[in-house]
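# Observations on the three-dimensional arrangement
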Amino acid sequence: MSTQHPVVSRAQWLAARQQLWLHEKSLTHQRDALAAARQALPWMKVDKPYRFTGPNGELGLTDLFAGRSQLLLYHFMFAEGWDEGCPGCSFLADHFDGANLHLAHHDVSLVAVSRAPYEQFQAFRQRMGWQFPWYSSAGSGFNEDFGVSVGGEGERQYNYEPYNGGESELPGLSAFFKDQDGTLYHTYSTYARGLDIMVNTYNFLDIAPLGRNEAGTMDWVRHHDRYQGQAQKPHCCHE
């Protein structure tokens, strides 16, 4: 395969690599500073009695912590009447079970929540082979309050700015903390490209010679059981 990259001597390659290494070190320090700033954000008390549905019936937000003090909640795009989840959300969710092997032993629960009734995404969950906890927020205002159900009319907001796209359901990740007295706090939410950090496949691709090699964000992504079948265009992506 021909490329447009220059081919150089080892000495020239090492000089170029050392310059990039300095850039990488700077970015690592910036990422550490960003993580510290994220954790220093003020918290907001959660007062609404949100209700969810799981395998054993109705639960409150407290129950989703599963006895831990920290909760990472992925807002998974699966609306009422859908047969399968968003391919982009499914791409992220393919990374959850491996992370949960470790997060559960570091006082963190990682779960998904969707707007569809609980029964409607069980066949898809079984098809994908996922084990992470996945709950329904059907019948509550949870998705609207956390900025992932944006409706189809009126003034719409997503990712902290006006939204004019065609989707009414969108992805996101929210973080919560539970105090010793049971008080719940919303500490952080991120959306769109802010979710890239959760996709380890992208971290590998960013090291590969051709990088992400995509015309649009996640335009190549399919449900993991469809890469060998007929290509289907995802009905969502992160912009």
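Since this is a predicted model, take the numbers as computed values, not measurements.

Analysis parameters
- Residues numbered from 1 in each chain as written.
- Predicted model: local features only at pLDDT ≥ 70, side-chain atom pairs only at ≥ 80, totals over all residues.
- Heavy atoms only, no water.
- Helix = DSSP H or I, 4+ residues; strand = E, 2+ residues; numbered from the N terminus.
- Buried < 20%, exposed > 50% of the residue type's maximum accessible area, 1.4 Å probe, protein only.
- Contact = heavy atoms within 4.5 Å.
- Phe/Tyr/Trp six-rings, centres within 6.5 Å; stacked < 30°, edge-to-face > 60°.
- Salt bridge = Lys/Arg side-chain N within 4 Å of Asp/Glu carboxyl O.
- Pairing = 2+ DSSP bridges.
- pLDDT = per-residue confidence, 0-100.

We now examine the overall build of the chain. When you go through the chain residue by residue, the secondary structure sums to six helices and 10 strands. Oriented by its inertia axes, the alpha-carbon framework of the chain measures out at about 65 × 45 × 40 Å. A buried classification covers 39% of the 239 residues belonging to the chain. Look at the contacts in the chain between residues 6 or more apart in sequence, and 61% of them connect residues 24 or more apart.

Tallying each qualifying case throughout the model produces 27 aromatic pairs. Summarising the aromatic geometry, the rings of Phe 91 and Tyr 202 are spaced 5.7 Å apart at their centres and angled 85° between planes, so their arrangement reads as edge-to-face. One end of the pair, Phe 91, is in helix H2 (residues 87–93); the other, Tyr 202, is in helix H6 (residues 200–205), and 111 residues separate them in sequence. As far as burial versus exposure is concerned, Phe 91 and Tyr 202 are alike and both buried.

The next thing to look at is the pattern of salt bridges. For the structure shown, the criterion picks out 11 salt bridges. Taking the shortest distance from any N to any O, the salt bridge between Glu 169 and Arg 115 comes out at 3.5 Å. In this pair, Glu 169 is assigned in the loop between strand E8 (161–162) and strand E9 (172–178) and Arg 115 in the loop between strand E5 (108–114) and helix H4 (122–128), connecting sequence segments 54 residues apart. The exposure class of Arg 115 is partly exposed, given its relative accessible area of 30%. Two residues, Asp 225 and Arg 127, come together in a salt bridge whose shortest N-O distance is 2.7 Å.

Taken together, the four bridges between strand E2 (residues 51–54) and strand E3 (residues 57–60) define a ladder with antiparallel strand orientation. Considered in E3, the bridge of Arg 51 is made with Gly 60. Hairpin connection, E2 to E3: the antiparallel pair is bridged by two residues.

Once that is clear, we can look at the confidence of the model for the chain. For the chain, per-residue confidence averages 92 on the pLDDT scale, and residues scoring 70 or more make up 94% of the total. This model gives residues 230–235 a pLDDT under 50, and the stretch forms 15 contacts once residues within four places in sequence are excluded.

This part is about unusual backbone geometry. Its identity is not glycine, yet Ala 192 carries a phi of approximately 50°, on the positive side. Turning to its location among the elements, Ala 192 is positioned in the loop between strand E10 (184–191) and H6. Judged by relative accessible area, which is 4%, Ala 192 ranks as buried. Here Asn 213, not a glycine, exhibits a phi torsion of approximately 50°, which is positive. With respect to the helices, strands and loops of the structure, Asn 213 is situated in the segment after H6. For Asn 213, a relative accessible area of 61% puts it in the exposed group.

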